[in-house]
Amino acid sequence: MNLNVNVVCPNCEGQAVHAFIGPDVQGTKCNDCSIDFFFLFATTRAKRSRGDRNANSREFNVRVYLSDGSEDLIQFVKSGWDDIELRVKDDVVFSYLGDDVRIVQNIQIGSYTSISVPSCYIATHIFGANSQEVMFLRKWRDRVLNTSSLGRLFVKLYYVLSPVLLTCLGNNKKFSQKAKQLLGCVLKGLGFK
Ligand SMILES: [Zn+2]
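Residues numbered from 1 in each chain as written. Predicted model: local features only at pLDDT ≥ 70, side-chain atom pairs only at ≥ 80, totals over all residues.

*Asks:* Explain the overall build of the protein chain here, please?
*Replies:* Scanning the protein chain for helices and strands turns up four helices and nine strands. When its C-alpha atoms are laid out on the principal axes, the protein chain stretches across 60 × 35 × 25 Å. Considering the protein chain as a whole, with its 193 residues, one finds that 24% of them fall into the buried category. A separation threshold of at least 6 residues defines the contact pool for the protein chain, and within that pool the share at least 24 residues apart is 44%. (Helix = DSSP H or I, 4+ residues; strand = E, 2+ residues; numbered from the N terminus. Buried ≥ 20, exposed ≤ 12 C-beta atoms within 10 Å, placed from the backbone. Contact = placed C-beta atoms within 7 Å.)

Written as structure tokens, this is what we have:
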């Protein structure tokens, strides 16, 4: 099989037609930002999602048929409560940055959703989930950190360590104040106004 698919880049969201040979994920390069990424073309068999109001996130389990007729299960978590429209038999393209699904495209309705990983535990705890500060840090993570292997390692470590740190220190006022000061400095250093 050789299929031309319009694919949205998981980094810059630029769109271009890429040939998909299948059946599994395949690597390609974005024409706009030159980043290497993976994508998968498949057909939806069933989609289940479960929202978590406290974490303001939603977990997805999408069963798909690959182009050779075999089945696969695609799982990911996105920040935000809202669901993704994917019906049975809808063709879908998943684009990955590293191991993470970052774009889900519904070919039938011609729309896509960018998957923002639920994130910045400490920043969310201190500034609130929908604050300007958290949006800024999220963008910085996606555009800067996630484009290098060292940056991605830092992000992984942060996600592993910060829930632990928060559980231990989350209700400690001194910790919150210090963390707020520190994050304030970081934000300033990154150009946040
Ligand atoms: Zn790109």
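Having seen it, we continue.
*Asks:* Explanation requested: the domain arrangement of the protein chain in the structure shown.
*Replies:* Put simply, an interface is often sized by how much accessible area is lost when its parts join up. Domain boundaries in the protein chain define domain 1 (3-114) and domain 2 (121-189). Relative placement of domain 1 and domain 2: their C-alpha centres are 27 Å apart. Every contact between the two is made by five residues of domain 1 and, on the other side, four residues of domain 2. Per-class residue counts for the side of domain 1 that touches domain 2 are two nonpolar, three polar and no charged. (Domains from an automatic or database assignment. Nonpolar A, V, L, I, M, F, W, Y, C, P; charged D, E, K, R; others polar.)

*Asks:* Explain the nonpolar core to me, please; I cannot follow it from the model alone.
*Replies:* Nonpolar side chains in soluble globular proteins tend to be buried together. In terms of nonpolar packing, the biggest core is built from 22 residues, with Phe39, Leu40, Val92, Val93, Phe94 and Val104 touching the most fellow members. Filtering out sequence-adjacent residues up to four positions away, Phe94 remains in contact with Phe39, Leu40, Ile74, Val101 and Val104. Formed by seven residues, the second largest nonpolar core is a distinct cluster that contains Ala123, Phe127, Val134 and Ala179. (Core = buried A, V, L, I, M, F, W, Y, C linked by C-beta atoms within 7 Å.)

*Asks:* Would you mind going over the pairing of strand S7 (residues 91-97) with me for this structure?
*Replies:* Both faces of the sheet carry side chains from a regular strand, because those side chains alternate between them. With respect to burial, S7 is a largely interior element, five of its seven residues being buried. Here strand S4 (residues 36-52) pairs with S7 via six bridges, running antiparallel. Bridge assignment links Phe38 to a residue of S7, and that residue is Tyr96. Across six bridges, the pairing between S7 and strand S8 (residues 100-106) is antiparallel. (Pairing = 2+ DSSP bridges.)

*Asks:* I keep staring at the environment of Lys78 and nothing clicks. Help me out?
*Replies:* Within the fold, Lys78 resides in strand S6 (residues 71-79). Here the alpha-carbon distance between Lys78 and Asn56, two residues 22 residues apart in the chain, equals 8.9 Å. Beyond its immediate sequence surroundings of up to four residues, Lys78 is in contact with Ser57, Arg58, Ile115 and Ser116.

*Asks:* Any chance you could explain the environment of Arg87 here in plain terms?
*Replies:* Relative to the helices and strands, Arg87 is located in the loop between S6 and S7. Through-space distance from the C-alpha of Arg87 to that of Thr43 is 9.6 Å; in sequence the pair is 44 residues apart.

*Asks:* Would you mind going over unusual backbone geometry with me for this structure?
*Replies:* When glycine is set aside, most residues are seen to have a negative phi, and most peptide bonds are trans. Pro23 follows Gly22 through a cis peptide bond whose omega is -5 degrees. Mapping Pro23 onto the fold places it in the loop between strand S2 (15-20) and strand S3 (26-29). The phi angle at Glu13 is positive, at roughly 65 degrees, despite the residue not being glycine. One can find Glu13 in the loop between strand S1 (3-8) and S2. By the C-beta count within 10 Å, which is 15 here, Glu13 ends up partly exposed. Of note, the phi angle at Lys89 is positive, near 80 degrees, even though the residue is not glycine. Lys89 sits in the exposed class, given 10 other C-beta atoms within 10 Å.

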